[in-house]
Amino acid sequence: MAWPYAQAMSDLARRAFLRHTAGVSLAFTGLGRCWAAAETPSLQPSASRSPLGPLRRDPEGVLDLPEGWTYRIISRAGQEMDDGLLVPGKHDGMAAFPGPEGTTVLIRNHEISPAHETSSPFGEDLARLSRVDRTKIYDLGRTPLGGDQPSRGGCTRLIYDTTQGQLRSHHLALAGTEYNCAGGPTPRGTWISCEETTVGPTHGLPWRRRHGYCFEVPADPATGLVTPEPITTMGRFRHEAVAVNPDTGIVYMSEDIGDGCFYRYLPDDPARLREGGRVQALVMTATPSADLRDWEGEPLLKPGDRCPVHWVDLEDVDREDDSLRYEAFDAGAARFARGEGMWHGNNEVFLACTTGGRARAGQLWRYRPAPPEIEGTTLEHTQPATLELFLQPDDPSVIENADNMCQSPNGDLVVCEDGKGEQFLLGVTPQGTVYPIARNAISRGEFAGCCWSPDASTLFVNIQTPGLTLAIQPPPSNPLVTSG
């Protein structure tokens, strides 16, 4: 299907990107090394005082929603796609883009490693591998007997009609990568897909190539299955998610490991990430090498506190071993507890640390760039950026292991839970009040990939197990869109 995508994205997608990343910020006052909140954000258990009303039990046993909300299952793991391949399992991060004829294009990650018992795009015994140009499979690994064993992770691309509530087509977009967990959209109409692993040939079979990279995938359906090109200059580590500042092109990156760091990539050319740039790690200015996990000892911050921060350059970011975070910490970078979902809105970056806090139930952080950073300069020492502990309930009944996130048009965050109990899709107000949007009624599998359609009519989300993508239709009076 021919589609003049680049021209359409140059205006339409940027407006949609900016609209969906518009947020509401809080103002704080104070003196000293850190600014203390005037009051602790209010916390509400996830089952009470929801602006959407109570959740109603789904008679189909899939998704409990508020009164007047509906859903459709638009894609299932193992389903045949339009290219003759199968929907891979382990649905994870996802983003929505404006598509042809008013449709929505979804780019969806698949967090698959060799040990996962889940569907492969190539079918059982690789029966459908012949349908794919092998030069477009990043890692065509090998079996103990010498045969081919391609990595099963990557991305799929879906075209969905929100007006008709209908999936028009879906197909494979990125093949042969490993453990594609999250990522993030760019204002250029592309998706950055992240590998949350650093496996490679030194680990033995089946890998022939090194993993631990970011890959850029255009939303344009006409690009088909892309040629996979790792962005090595963005570093090799356990990438989880990215958030892009549309004004500067700076890419913020999270690291999903218990002693990870918070990074950013300063590209030489924001439109060509592979052309080079600098990787930096965030430093708490007053407390170098700070441990922000808050697992034990005296807490450095309480919810609402914010502190000045700066960034330190890192060298040799495309390294053989998984040690970038150690160099960063030794250079003064702060340590975080499994950085996962991220979102950029209103010149702020939200970061979910899924095992942060005393209960290891999760933290939400808010980074505010310095005004020079917003303007695209490097004079950050004059007006330093700040980091705020936005939310740390230490109560799984409020938030249990926050993961992927996005922002609603009214400024509330939408947060996916990835815990051990019942899994909720949650809303979080700018004041820190938490409320339920949906409950997983079909499994204990995590929610992932939440994102709004460009027309704000549909909230998409994945349930990783058993591998479902759902299109949730709120009523016209939905406060997540209509209030603000």
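Just so we're clear, the structure is a prediction, and the values are computed from it rather than from any experiment.

**With respect to the overall build of the protein**
- Per the secondary structure count, the protein includes four helices and 28 strands.
- Across the 484 residues in the protein, those meeting the buried criterion constitute 62%.
- Across the protein, contacts joining residues at least 24 apart in sequence account for 63% of those joining residues at least 6 apart.
- A total accessible area of about 18,000 Å² is found for the protein, and carbon and sulfur atoms account for 49% of it.

**Quick word on the environment of E315**
- Summarising the element assignment, E315 is placed in the loop between β17 (306–313) and α2 (324–330).
- Distance in space between the C-alpha atoms of E315 and A328 is 9.4 Å, their sequence separation being 13 residues.
- Excluding its chain neighbours within four sequence positions, the residues that come into contact with E315 are L324 and E327.

**A closer look at the nonpolar core**
- Counting 38 residues, the largest nonpolar core has L364, I399, L425, V428 and I437 as its most contacted members.
- Among the nonpolar cores identified, the runner-up in size contains 27 residues, and A290, V309, W365 and L389 belong to it.

**Here's the deal with the side chain of N410**
- Tracing the sequence through the fold places N410 in the loop between β22 (402–407) and β23 (413–417).
- The exposure class of N410 is buried, given its relative accessible area of 10%.
- Looking at N410, its side chain comes within polar contact range of the main-chain oxygen of P479, at 3.3 Å.

**Here's the deal with the packing of aromatic side chains**
- Taken as a whole and judged by the stated rule, the model has 12 aromatic pairs.
- Centre to centre, the rings of Y252 and F262 are 6.3 Å apart; their planes meet at 40 degrees, and the pair counts as tilted. Of this pair, Y252 sits in strand β14 (residues 251–255) while F262 is found in strand β15 (residues 262–267), placing the two residues 10 residues apart along the sequence. Grouping residues by exposure puts Y252 and F262 together as buried.
- Where F262 meets Y367, the ring centres are 6.0 Å apart and the plane angle is 85 degrees; that geometry is what we call edge-to-face. Here Y367 lies in strand β20 (residues 363–368) and F262 lies in strand β15, a separation of 105 residues in the sequence.
- Looking at Y367, the relative accessible area reads 1%, which means it is buried.
- Cluster of aromatic residues (ring-pair linked, three or more members): Y252, F262, W311, F336, W365 and Y367.
- In this structure, R360 is placed above the aromatic ring of W295, and the distance from its NZ or CZ to the ring centre is 3.8 Å.

**Remarks on the sheet that holds strand β21 (residues 385–391)**
- Within the open sheet, the nine strands sit side by side as β13-β14-β15-β16-β17-β21-β20-β19-β18. Their pairing is antiparallel. For this open sheet the edge positions go to β13 (239–244) and β18 (339–345), each flanked by a neighbour on one side alone. Put simply, the sheet's adjacent strands are angled 30 degrees from each other on average, direction ignored.
- Here strand β16 (residues 277–284) pairs with β17 via five bridges, running antiparallel.

**Some details on the sheet that holds strand β24 (residues 424–428)**
- Spatially, β1-β2-β25-β24-β23-β22 is the arrangement adopted by the six strands of the open sheet, whose pairing is antiparallel. Two strands close off the open sheet at either side, each with one partner strand: β1 (55–56) and β22.
- Pairing geometry for β1 and strand β2 (residues 63–66), over two bridges, is antiparallel. Pairing of R56 across the sheet is with L65, part of β2.

**Re the pattern of salt bridges**
- Applying the stated criterion to the full structure yields 26 salt bridges.
- One salt bridge in this structure joins R274 and E229, with 3.7 Å as the shortest N-O distance. Residue R274 is found in the loop between β15 and β16, and its partner E229 is found in the loop between β12 (214–218) and β13; the two are separated by 45 residues along the sequence.
- We note a salt bridge from R338 to D256, for which the minimum N-O separation is 2.6 Å. Linking R338 in the loop between α2 and β18 with D256 in the loop between β14 and β15, this pair joins segments that are 82 residues apart in sequence.
- Since its relative accessible area comes to 28%, R338 is described here as partly exposed.
- Residue class for D256 comes out buried when judged on its relative accessible area of 5%.
- The network of salt bridges with shared partners includes R238, D259, D322 and R325.

**Some thoughts on the pairing of strand β28 (residues 468–473)**
- Where burial is concerned, most of β28 is hidden: five out of the six residues are buried.
- Where strand β3 (residues 70–76) and β28 come together, six bridges link them in antiparallel fashion. Residue pairing across strands places Y71 opposite I472, the latter belonging to β28.
- In this sheet, β28 lies alongside strand β27 (residues 459–463) in antiparallel orientation, the contact comprising five bridges. Pairing of I463 across the sheet is with L468, part of β28.
- Following β27, the chain reverses through four residues before pairing antiparallel with β28; G467 in that reversal takes a positive phi of roughly 95 degrees.

**Description of the confidence of the model for the protein**
- Of the residues in the protein, 89% reach a pLDDT of 70 or more, and the chain-wide mean stands at 90.
- Counted against residues more than four places away or in other chains, residues 1–32, with its pLDDT under 50, gives 76 contacts.
- Below pLDDT 50 for its whole length, residues 40–47 participates in 26 contacts with residues either more than four positions away or in separate chains.

**Concerning unusual backbone geometry**
- Backbone torsion omega between L205 and P206 reads 5 degrees, so that peptide bond is classified as cis.
- The topology assignment puts P206 in the loop between β11 (190–195) and β12.
- Residue P466 follows T465 across a cis peptide bond; omega there is 20 degrees.
- Residues other than glycine seldom take positive phi values, yet E101 does so here, at roughly 55 degrees.
- Structurally, E101 can be placed in the loop between β4 (91–98) and β5 (104–110).
- We note that D394 has phi near 55 degrees; this positive angle belongs to a residue other than glycine.

What counts, and at which threshold
- Residues numbered from 1 in each chain as written.
- Predicted model: local features only at pLDDT ≥ 70, side-chain atom pairs only at ≥ 80, totals over all residues.
- Heavy atoms only, no water.
- Helix = DSSP H or I, 4+ residues; strand = E, 2+ residues; numbered from the N terminus.
- Buried < 20%, exposed > 50% of the residue type's maximum accessible area, 1.4 Å probe, protein only.
- Contact = heavy atoms within 4.5 Å.
- Areas by Shrake-Rupley, 256 points an atom, 1.4 Å probe, with all protein chains shown as cover.
- Core = buried A, V, L, I, M, F, W, Y, C linked by side-chain atoms within 4.5 Å.
- Polar contact = N/O pair within 3.5 Å; in protein donor to acceptor, adjacent residues only side chain to side chain.
- Phe/Tyr/Trp six-rings, centres within 6.5 Å; stacked < 30°, edge-to-face > 60°.
- Lys NZ or Arg CZ within 6 Å of the ring centre and 35° of its normal.
- Pairing = 2+ DSSP bridges.
- Axes fitted to C-alpha atoms, helices over the stretch in contact; angles between N-to-C directions.
- Salt bridge = Lys/Arg side-chain N within 4 Å of Asp/Glu carboxyl O.
- pLDDT = per-residue confidence, 0-100.

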